Amino acid sequence: MEHKDYDYDVIVVGSGPGGYSTALRAAQLGLAVAVVERDDRPGGTCLNRGCIPTKALIHAARTMYHEQRADRFGIMMSVDGIDFGRLREYKDSTVRTMTEGLSGLLRARKVTMIHGEAGVTGSEPRPDGPAHVVTVRDPDGADRSFTARHVVIATGSRPRPLPGIAFSQSVIDSDAALKLNEFPQSVVVIGSGAVALEFASLWAAAGSQVTLLARKSSVLSAWNRRIGSTLTRELKRFGVNVVTRSSVTGIDTGVNLGATVHYRHGDGDKTTEETVAAQIVLVAIGRDPNTDANWFDSVGIARDDHRYVTTDELGRTSVPGIWAVGDITGGYELAHRAFEQGVVVAEAIAGLHPKPVLERTIPRVVFSMPEAAAVGLTREEAEACGDYEDVTETIYPMLGNARTLMAAENGSICLVSARRRGDDSPRIVVGVHMVGPEVSEIVAEAEQIVGNEIPLSEAARLIHPHPTFSEALGETLLKADGRPLHTR
């Protein structure tokens, strides 16, 4: 693509997974690319304040948890304490290694990095279409403007506060939680999604007293119901005080660190007013898209009632030449979803014909203790969508797996299979939902089976190595195919 009438073929606003994948793939396809990032380092929330630092801390806490319980296996050992300075350096060095590696990749692809706060401020006529003007305010307050044939918006999202309750020293979001200099002695976690469950697991493993307030009858209420109820049970066994059917009505904070949460517990007429006090309160009820800058309106970028940018299946917004990826587009707010969206957008800009990202084939993972992972449809979703018939759920208890038994953990797998409505095609797997040890490493296989619509009989035929956690998925496939070997 010629770019002589523009400063760049593509300017990407934001360098999180959606932004940097767009930039890397577009540059790989021969386009002139610039990325504008307001943070000092690329990577966005995922690398700097989300996926990477939280998983580093979870890994450390999980190590401590298992060492404290090693006597189960006849190993007598103890944990003397936590050197928070070294733990923080371990977390920060992990982040630093990842962000420096990303910077190196962008340099190698000749992607220009521009530091500052960006906005699309207009367009200028060109022979082959308008040039979008992106104005960048430098950290020192100076403005610079650049033109591009295409602009990709990847501005991400931010933690959502409770209505009427601002974040403070005692009522914190996930960003602030990562900056704590030590693990809290007691904490209330409000929410029951991935962020809430991961921090609850992290702190419980480190010895904190954790109370988790969930609005529905189980955690992960939008997931397969069996997975939600199983994970709720296992979190309680792990030491998290999970309070279901709870609705926060207020939070009192004092001058010093500490807060008291008021909540309504129960349903309908059978409710009680309760309180719980803790050193800190983590609010993890979701995230809001970063789409409230004035230039979204001035440029005419359409958004829905929740402020998410509306796009077509390839990421085009309502403004020709402006695209959007990642958390600002709604759907699953996951780094790997944004990453694949970025690849699709880059290829579409370059004139290729990529396949759109399908929400139902995006794997979801919660790095709780135990882990949860899912891909595809639940039985209710498969029955409701109208595409399938003869929808069946197959349940396999993870304690039937040797490695799960060795790890002294628990869990289950729920596999949803069906036939396409109106034809004689073979039964396929349309959803896999799991809770248990290491299921984050198994879900990629499940994604291949669901995404490629591999016939159930063919998927069940393949061998899983013994003894591994992945055998649990293999046994579930066999059971769904009507020929279980290690379960009834």
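- In the nomenclature of an unreviewed UniProt entry, the chain is known as Dihydrolipoyl dehydrogenase of Bifidobacterium simiarum.
- Regarding the chain, the UniProt comment filed under Catalytic activity (unreviewed entry) reads as follows: "N(6)-[(R)-dihydrolipoyl]-L-lysyl-[protein] + NAD(+) = N(6)-[(R)-lipoyl]-L-lysyl-[protein] + NADH + H(+)".
- If you open the UniProt record of the chain and go to Sequence similarities (unreviewed entry), you find "Belongs to the class-I pyridine nucleotide-disulfide oxidoreductase family."

**Some points on the packing of helix H3 (residues 51-68) against helix H6 (residues 194-205)**
And then number 1: Two elements in contact, H3 and H6, have axes whose closest approach is 8 Å; the angle formed by their N-to-C orientations is 40°. Helix-helix and strand crossings are classified by hand; for H3 and H6 the assignment is left-handed. On H6, the residues that touch Thr-54, Lys-55, Leu-57, Ile-58, Ala-61, Met-64, Tyr-65 and Gln-68 of H3 are Glu-198, Phe-199, Leu-202 and Ala-205.
And then number 2: Here the residues of the contact of H3 with H6 sort into eight nonpolar, two polar and two charged.

**Topic: the sheet that holds strand E11 (residues 241-243)**
And then number 1: The strand order across the open sheet formed by five strands is E8-E15-E9-E10-E11, and the pairing between neighbours is parallel. Every interior strand has two partners, whereas the edge strands, strand E8 (171-172) and E11, have only one.
And then number 2: Two strands pair when backbone bridges link them, and E8 and strand E15 (residues 280-283) are joined in this way by two bridges, in the parallel orientation. Looking at E15, one finds that Val-171 is bridged to Val-281.
And then number 3: Along the sheet, H6 makes contact with strand E9 (186-190), strand E10 (209-213) and E15, crossing E10 at roughly 160°.

**Thoughts on unusual backbone geometry**
And then number 1: Of note, the bond from Met-369 into Pro-370 is cis; its omega dihedral lies within 30 degrees of zero at 0°.
And then number 2: Relative to the helices and strands, Pro-370 resides in the loop between strand E18 (364-366) and strand E19 (371-376).
And then number 3: Omega for the bond connecting His-466 with Pro-467 falls within 30 degrees of zero, at -10°, which places this linkage in the cis form.
And then number 4: Along the polypeptide, Pro-467 turns up in the loop between helix H13 (456-461) and helix H14 (471-480).
And then number 5: We note that Arg-307 has phi near 75°; this positive angle belongs to a residue other than glycine.
And then number 6: With respect to the element layout, Arg-307 can be found in the loop between helix H8 (294-299) and strand E17 (322-324).

**Regarding the packing of aromatic side chains**
And then number 1: In the structure shown here, the tally under the stated rule is six aromatic pairs.
And then number 2: Judged by centre distance (6.4 Å) and plane angle (55°), the ring pair of Tyr-8 and Phe-146 falls under tilted. Placement of Tyr-8 in strand E1 (residues 8-13) and of Phe-146 in strand E6 (residues 143-153) is noted, with a sequence separation of 138 residues between them.
And then number 3: Taking the relative accessible area as the measure of exposure, Tyr-8 reaches 13% and is therefore buried.

**Brief notes about the UniProt feature "domain: Pyridine nucleotide-disulphide oxidoreductase dimerisation" (unreviewed entry) in the chain**
And then number 1: Following the UniProt record, the feature "domain: Pyridine nucleotide-disulphide oxidoreductase dimerisation" (unreviewed entry) maps to residues 362-475 here.
And then number 2: Within residues 362-475, the helical portion is 32% and the strand portion 32%, while the C-alpha atoms at the span's ends are 23 Å from each other.

**Digging into the layout of surface pockets**
And then number 1: As a volume, the second largest pocket reaches approximately 440 Å³.
And then number 2: Elements with a minimum of two residues in the lining of the second largest pocket: H3 and helix H7 (225-238).
And then number 3: Looking at side-chain class alone, the lining of the second largest pocket contains eight nonpolar, four polar and eight charged residues.
And then number 4: If you count residues domain by domain, the lining of the second largest pocket takes at least three from each of domain 2 (159-285) and domain 3 (370-481).

**Here we look at the sheet that holds strand E13 (residues 259-267)**
And then number 1: One open sheet accounts for three strands, arranged E12-E13-E14; its pairing is antiparallel. Each end of this open sheet is capped by a strand with a single partner; those strands are strand E12 (246-253) and strand E14 (270-278). Adjacent strand axes in the sheet meet at a mean angle of 20° when their direction is disregarded.
And then number 2: Taken together, the nine bridges between E13 and E14 define a ladder with antiparallel strand orientation. Its bridge partner being in E14, Thr-260 is matched across the sheet by Ala-277.

Reading guide: rules and limits
Residues numbered from 1 in each chain as written. Predicted model: local features only at pLDDT ≥ 70, side-chain atom pairs only at ≥ 80, totals over all residues. Heavy atoms only, no water. UniProt positions renumbered as here; feature names shortened; annotations may be inferred. Axes fitted to C-alpha atoms, helices over the stretch in contact; angles between N-to-C directions. Helix = DSSP H or I, 4+ residues; strand = E, 2+ residues; numbered from the N terminus. Left-handed = near helix turned anticlockwise from the far one by under 90°. Contact = heavy atoms within 4.5 Å. Nonpolar A, V, L, I, M, F, W, Y, C, P; charged D, E, K, R; others polar. Pairing = 2+ DSSP bridges. Phe/Tyr/Trp six-rings, centres within 6.5 Å; stacked < 30°, edge-to-face > 60°. Buried < 20%, exposed > 50% of the residue type's maximum accessible area, 1.4 Å probe, protein only. 1 Å grid on protein atoms, 1.4 Å probe; cavity = no way out; pocket = protein on both sides within 12 Å on 5 of 7 lines; lining within 4 Å. Points joined across faces, edges and corners; volume = space filled by probe spheres on them. Domains from an automatic or database assignment.

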